[in-house]
Amino acid sequence: MRATEIRRSEMPGPKVYNLWWGDRGVQKQKGVVTYGMSPFRQRAAKNLFTSYISNGYRRLSSELVFWVIPFAIGYGTYAWAKRYDAWQNSKAAHVAGHVSH
């Protein structure tokens, strides 16, 4: 890279912490703390299935009310609508005079 191209580029000056993307020649930033753990110490799926049997049952049973009641109301409405539609399209509804055509 020519010296004139560096002067024309949008790179910040030397008084900032991060000179440019990926530049390793700068001083370390203050107040940045990095933690790490060995990949051999990590256990992502330790006791995954055994803990789910008790904890998952407890969590699902506490939410049972919130999804069973709306499902029952929805299914009841669906079953009533199917029966009512079948009755409206039957001969008994035509004889009773409840024709919606």
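Given the structure is predicted, the values throughout are model-derived calculations rather than measurements.

1. Considering the packing of aromatic side chains
Enumeration over the complete set of coordinates arrives at four aromatic pairs. Seen from their ring centres, Tyr75 and Tyr78 are 6.3 Å apart, and the 40 degrees between their planes marks the pair as tilted. Taken together, the residues Tyr75 and Tyr78, both in helix H3 (residues 64-88) and three residues apart, mark about one turn of the helix. Between the aromatic rings of Trp80 and Tyr84, the centroid separation amounts to 5.4 Å while the plane-to-plane angle is 10 degrees, which identifies the pairing as stacked. Here Tyr84 and Trp80 lie together in helix H3, a separation of four residues that amounts to about one turn. These aromatic residues form a ring-pair network of at least three members: Phe71, Tyr75 and Tyr78.

2. Brief notes about the confidence of the model for the protein chain
Predicted confidence across the protein chain gives a mean pLDDT of 78, with 67% of residues reaching 70 or more. The least confident element of the protein chain is helix H1 (residues 3-8), whose mean pLDDT is 55; the most confident is H3, at 95.

3. A word on the UniProt feature "transmembrane region" (unreviewed entry) in the protein chain
Here, the residues flagged by UniProt with the feature "transmembrane region" (unreviewed entry) are residues 64-81. Across residues 64-81, the secondary structure splits into 100% helix and 0% strand, with the terminal C-alpha atoms separated by 26 Å.

Definitions and limits used
- Residues numbered from 1 in each chain as written.
- Predicted model: local features only at pLDDT ≥ 70, side-chain atom pairs only at ≥ 80, totals over all residues.
- Heavy atoms only, no water.
- Phe/Tyr/Trp six-rings, centres within 6.5 Å; stacked < 30°, edge-to-face > 60°.
- Helix = DSSP H or I, 4+ residues; strand = E, 2+ residues; numbered from the N terminus.
- pLDDT = per-residue confidence, 0-100.
- UniProt positions renumbered as here; feature names shortened; annotations may be inferred.

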